[in-house]
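# Coordinate analysis (summary)
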Amino acid sequence: MGLVLGIESSCDETAAALVTTGRRILAQRIASQDEEHAPYGGVVPEIAARAHAERLAPIIAGVLKDAGKTLADCDAIAATAGPGLIGGVMVGLVSAKALAMASDTPLIAINHLEGHALSPRLVDPELGFPYLLLLVSGGHCQILRVEGVGRYRRLATTIDDALGEAFDKTAKILGLGFPGGPAVERLAKQGDPRAVPLPRPLVRSGEPHFSFAGLKSAVLRAHESSLHTPEDIAASFQQAALDCVLDRLRIACAATDKMPALVVAGGVASNQSIRAALETFAKDNAMRFVAPPPALCTDNAAMIAWAGCERLGQSDPLDFVARPRWPLDPSAEPARGAGVKA
Ligand code: KG4
Ligand code: ZN
């Protein structure tokens, strides 16, 4: 059985994990930087990079100790090599290169999005290819046909904000602090999802891509009107976002062959209302539904180690360059009206 050390440092979580090809997480540690970034209402790249540089080595030493393993026991060292905040990515990738070189172990450079995309296979041995993937995080919002390791066809992306970003901005408008997603979800539980009339951008337009900028502006107007409680705004926002997701999934299903499973991954996939609605959608469309446990949806190193397990036998050169942008489907056309996000 193979053993892979995984390292994640692309945003504001510093993490390491040891995972076997037999799908066992032997050890994992994660340090969140929420406190450092909270005063700024979002992740500050320079602060993130410095925090990764300070914390990563003790975290790696810690997981080896927790599992009673040494680098010599590892069959590969897998590290996120992009996309993400470049300073943090470089800290993780350079650390992995040094460990790989010192222990004469193969380096595997992992696309962070592939980590999310394959994470459901870590928890579900029955999940084979292909599957329909909704990848919803702070930086990305895509629907993909996952055809195999390294083989992804993008069916939809966002032309402006990612879904997690829309949650974070809504939280900021409502004064809920950072990170916003879990706070909006908590508040939404106490509100009425039909109380505030909010738009569902692009719904029933036949457009395959996502757009959340208009929804965010409507949330701001609803808040400034003082006509609605924050609870009702949070609940109505979550419902509008969910309606958009379900509409786009219907279009994606129609645009591809029948998929045996619907899979959700990325930070927003830890939202219980969204998970429940997706489960119903999958059932109605005769698909299995697979969602990793919430701790494997938000950024973590077990998913990076697992992607390394999926790629075990490959190795990347020690001069592999960290990539701030790294689309899963490089052949996908830019979405009409899209800004910088692929
Ligand atoms: O995957 P992730 O940890 O980092 C990125 O790669 O972006 O996703 C973080 C995003 C943030 O925007 C956060 O607000 C959102 O996921 N998120 C949630 C929830 N938990 C995290 N959004 C909605 N509901 C949640 N419970
Ligand atoms: Zn992520």
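An account of the accompanying structure is given in this report.

Definitions and cut-offs
- Residues numbered from 1 in each chain as written.
- Chains lettered and ligands numbered in written order.
- Predicted model: local features only at pLDDT ≥ 70, side-chain atom pairs only at ≥ 80, totals over all residues.
- Heavy atoms only, no water.
- Helix = DSSP H or I, 4+ residues; strand = E, 2+ residues; numbered from the N terminus.
- Expected span 1.5 Å × (residues − 1).
- Buried < 20%, exposed > 50% of the residue type's maximum accessible area, 1.4 Å probe, protein only.
- Contact = heavy atoms within 4.5 Å.
- Polar contact = N/O pair within 3.5 Å; in protein donor to acceptor, adjacent residues only side chain to side chain.
- Near = heavy atom within 4 Å.
- Areas by Shrake-Rupley, 256 points an atom, 1.4 Å probe, with all protein chains shown as cover.
- 1 Å grid on protein atoms, 1.4 Å probe; cavity = no way out; pocket = protein on both sides within 12 Å on 5 of 7 lines; lining within 4 Å.
- Sits in = over half its atoms within 2 Å of the grid points.
- Nonpolar A, V, L, I, M, F, W, Y, C, P; charged D, E, K, R; others polar.
- Domains from an automatic or database assignment.
- Phe/Tyr/Trp six-rings, centres within 6.5 Å; stacked < 30°, edge-to-face > 60°.
- Donors = N, O, S within 2.8 Å, 3.2 Å for Na, K, Ca; no water.
- Tetrahedral: all angles 85-135°; square planar, octahedral: opposite > 155°, others 65-115°.

Turning our attention to helix H2 (residues 45–67). In this model H2 runs 31 Å from its N-terminal to its C-terminal C-alpha over 23 residues, within 8% of the 33 Å that 1.5 Å per residue would give. Those residues of H2 that fall on the buried side of the exposure criterion are Ala48, Ala49, Ala51, His52, Arg55, Leu56, Ile59, Ile60, Gly62, Val63 and Leu64. Residues of H2 that are buried sit in contact with strand S1 (3–8), strand S2 (13–20), strand S3 (25–32), helix H1 (34–37) and helix H3 (86–103). Phi for Gly68, located one or two positions after H2, is positive at around 65°.

In this section: the side chain of Asp124. By the element assignment, Asp124 lies in the loop between helix H4 (112–123) and strand S6 (131–136). Side chain to side chain, Asp124 and Arg288 meet in a polar contact 2.4 Å long. If near-sequence neighbours (up to four positions away) are discounted, Asp124 is found in contact with Arg23, Arg288 and Val290.

So, on to the site of ligand 1. Close to ligand 1 lie 19 residues; Gly138, Asp168, Glu185, Gly267 and Asp299 are nearest. With respect to ligand 1, the side chain of His116 contributes an N or O atom lying 3.3 Å from an oxygen atom. Coverage of ligand 1 by the protein chains reaches 89% of its 550 Å² of free accessible surface. Cavity membership is defined here by more than half of the atoms lying within 2 Å of grid points; on that basis ligand 1 lies in the largest pocket. A breakdown of the residues in the shell around ligand 1 according to their chemical character gives 4 nonpolar, 12 polar and 3 charged. No fewer than three residues from each of domain 1 (3–117 + 296–327) and domain 2 (128–294) sit in the shell around ligand 1.

As a further point, take the packing of aromatic side chains. All chains considered together, the criterion is met by 4 aromatic pairs. Seen from their ring centres, Phe210 and Phe212 are 5.9 Å apart, and the 20° between their planes marks the pair as stacked. The burial state of Phe210 is the same as that of Phe212; both residues are buried.

In an ideal octahedron of six donors the angles at the metal are 90 or 180 degrees, and in an ideal tetrahedron of four donors they are 109.5 degrees. In the first shell of the zinc ion (ligand 2), the protein supplies His112 (NE2), His116 (NE2) and Asp299 (OD), at 2.0 to 2.1 Å from the metal. Taken together, the 4 donor atoms coordinating the zinc ion (ligand 2) and their angles of 93 to 145° define a geometry best described as irregular. In terms of primary sequence, the donors binding the zinc ion (ligand 2) are separated according to H-x3-H-x182-D. With His112 in helix H4 and Asp299 in the loop between helix H10 (294–297) and helix H11 (302–310), this pair connects stretches of sequence that are 187 residues apart. Residue classification places His112 among the buried residues on the basis of a relative accessible area of 7%.

By themselves, these figures tell us nothing about what the structure is for.
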